[in-house]
Amino acid sequence: MAENNINTKLTDENYMVKNDKGEMVPNYDLTMISFNDGDIVTGRVVKIEKDEVLVDIGFKSEGVIPVSELSIRKSLNPEEILKLDDLIEIVVLQKEDQDGRCILSKKRAEVEQNFDRVEKIYESNETIEGEIIECVKGGLIVDIGLRGFLPASLIDVRKTRELDSYIGESCICKIIEVDRNRNNVVLSRKAIIEGERREQRKEVLDSMEVGQIRKGAITSIADFGAFVDVDGVDGLVHISELSWNHVKHPSEVVEVNQDVDVEILDIDREKQRLSLGLKQTQKDPWLEKIKDYTNKDVINGKVTRIVKFGLFVQIEDGLEGLVHISELAEEPVRRPSDVAKIGDELLVRIIDIDFDKRRMAFSVKQVENPVEENAEEEAKKTEDKLEEKESGTEKVETAVETAEAPEEIPEEKTEEKTEEVIKDAPEKKDPGSSEDGTVSENEKEKQIKEILKELKDEANLD
């Protein structure tokens, strides 16, 4: 850096000197400063024109600052930057051009000085504030005393709006790269926003639970899903969780900046990320439609796909099931395509509905001969036979128990019964009876034995 000595060395005693002829002439050696290309010198603005500014730097002629070297901002009127008699620091670009003029730059002097300040801020990991002054390819230019580059991807945590809309805004950024040799400074506004929101996200995450329904906004869309901002926390809705129907690309279901209700499927508190589901907040059309169908229903459907193991048949929009190759016909089928082609209509019977996997199984061969119905009938017959057999066994066992343990007749009752029988029995005459008709003792004993036998027989029968 050259030192301006016009005010430090020139005095009343030495500003005039004698020349070779003995004449008193100005001491030009003292009035002219010494500098080289690249030096920073101080000068006074003496004239402002539309395309240049003239500055007295103590040289033999005024130095010239082209309008492009006045400021890091473009398309500015020189009178908006400088005024007459302003003292400014400038860099000597060229001591003398082909026209003998000294070419100067005010903006490069400012950049050199500001690089020292920017490097100190970068090393101390502090923030810097500047105004967004220009939109360039891939980002924005921020005036931080020099041209700081703010990439579009580092402007915000969300997908940025039109870059032109940021011009004129003041923003606080973090310096993430400084390269003095390339005159390059890279900034990040996103880092500041993320730092401020990190603590907020922690508080929000602490209030979240799996299964909750939260409102969010779609921030960006990728092939594998959609990113959602939920109260400042980033979340991903995988393409499989966007809709109950098949989705080829997330853009079929959602768009950027769309407000959505999502269910929290998982929380990664360490990375402060969410796994979200969109379809869980909507009614499952499959479950709504399947209410109209039950097992054994016979319906008409259309073949939509053919695979090695069977045919897929659609019975209505959103309801499709598989006819396994073993259910295509009574006779073995080598290729499903031998039975039907895509677009063919088939009469099928529902043989299974899996609500968890949202699948249905159909059968063509069971339309006329439902295996399950015959199986149920056979099972019922077998069950009846078993019940009948068990009932018969119980009867036999009861009869055996009864036979093995006949009811005993009390002795007193037997004697009473015997006496009654004897009393009521008609008197019979026996060759051995007396003339008066009375029964002999032998005859009475014989009758009593017969009565006792009859009583025993009755007891056994009962």
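Residues numbered from 1 in each chain as written. Predicted model: local features only at pLDDT ≥ 70, side-chain atom pairs only at ≥ 80, totals over all residues. Heavy atoms only, no water.

Engineer: Can you tell me about the side chain of E241, naming the residues and giving the values?
Structural biologist: Checked against the element boundaries, E241 lands in the loop between strand 15 (233-238) and strand 16 (259-268). At 4.1 Å, K279 is the nearest oppositely charged side chain to E241, a buried residue that forms no salt bridge. Here Q280 takes part through its side chain, which lies 2.6 Å from a polar atom of the side chain of E241. In contact with E241, not counting residues within four places along its chain, are L265, L276, G277, L278, K279 and Q280. (Helix = DSSP H or I, 4+ residues; strand = E, 2+ residues; numbered from the N terminus. Buried < 20%, exposed > 50% of the residue type's maximum accessible area, 1.4 Å probe, protein only. Lys, Arg positive; Asp, Glu negative; His and termini not counted. Salt bridge = Lys/Arg side-chain N within 4 Å of Asp/Glu carboxyl O. Polar contact = N/O pair within 3.5 Å; in protein donor to acceptor, adjacent residues only side chain to side chain. Contact = heavy atoms within 4.5 Å.)

Engineer: So what about the packing of aromatic side chains? Which residues, and what values?
Structural biologist: Tallying each qualifying case throughout the model produces 3 aromatic pairs. On the basis of an interplanar angle of 85 degrees and a centroid distance of 6.0 Å, the ring pair of F224 and F227 is categorised as edge-to-face. Note on F224: relative accessible area 42%, which makes it partly exposed. Taking the relative accessible area as the measure of exposure, F227 reaches 29% and is therefore partly exposed. (Phe/Tyr/Trp six-rings, centres within 6.5 Å; stacked < 30°, edge-to-face > 60°.)

Engineer: Can you break down the pairing of strand 20 (residues 319-324) residue by residue, with the values?
Structural biologist: The two faces of strand 20 differ: L319, G321 and V323 on one face are buried, but E320, L322 and H324 on the other face are not. By the bridge criterion, 6 bridges tie strand 19 (residues 310-316) to strand 20 in an arrangement that is antiparallel. Each residue of the ladder has a partner; that of G310, found in strand 20, is H324. Two successive antiparallel strands, strand 19 and strand 20, enclose a turn made up of 2 residues, where G318 displays a positive phi of approximately 85 degrees. (Pairing = 2+ DSSP bridges.)

Engineer: How would you explain helix 3 (residues 106-123) if you had to name every residue and give the values?
Structural biologist: Between its terminal C-alpha atoms helix 3 stretches 26 Å, which fits the 26 Å expected from 18 residues at 1.5 Å a residue. A side-chain oxygen of the first residue of helix 3 lies 3.2 Å from the backbone nitrogen of R108; this N-cap is S105. Of the residues one or two after helix 3, N125 is the one with positive phi, at around 60 degrees. (Expected span 1.5 Å × (residues − 1).)

Engineer: Run through the sheet that holds strand 3 (residues 40-48), naming residues and quoting values.
Structural biologist: Sheet architecture is closed into a barrel: 5 strands sit in the order 3-4-5-7-6, paired in mixed fashion. Pairs of neighbouring strands in the sheet enclose a mean axial angle of 55 degrees, with direction left out of account. Contacts from helix 3 reach strand 3, strand 5 (63-66), strand 6 (87-94) and strand 7 (102-105) within the one sheet, and its direction differs from that of strand 6 by about 105 degrees. (Axes fitted to C-alpha atoms, helices over the stretch in contact; angles between N-to-C directions.)

Engineer: Account for helix 4 (residues 190-206), with residues named and values stated.
Structural biologist: The end-to-end C-alpha separation of helix 4 is 23 Å, in line with the 24 Å expected for 17 residues at 1.5 Å each. Of all the bends in helix 4, the greatest, near 35 degrees, is centred on R198. Residues I192, I193, R197, R201, V204 and L205 constitute the buried set of helix 4. (Bend = angle between axes of the 7 residues up to and from the residue.)

Engineer: Requested: an account of unusual backbone geometry, with residues and values cited.
Structural biologist: Located in the positive-phi region is D85, a residue other than glycine, with phi close to 75 degrees. Within the element layout of this structure, D85 appears in the loop between helix 2 (78-81) and strand 6. Unusually for a residue other than glycine, N257 sits at a positive phi of about 75 degrees. For N257, the position within the fold is in the loop between strand 15 and strand 16. Residue N257 is classed as exposed on the basis of its relative accessible area of 61%.

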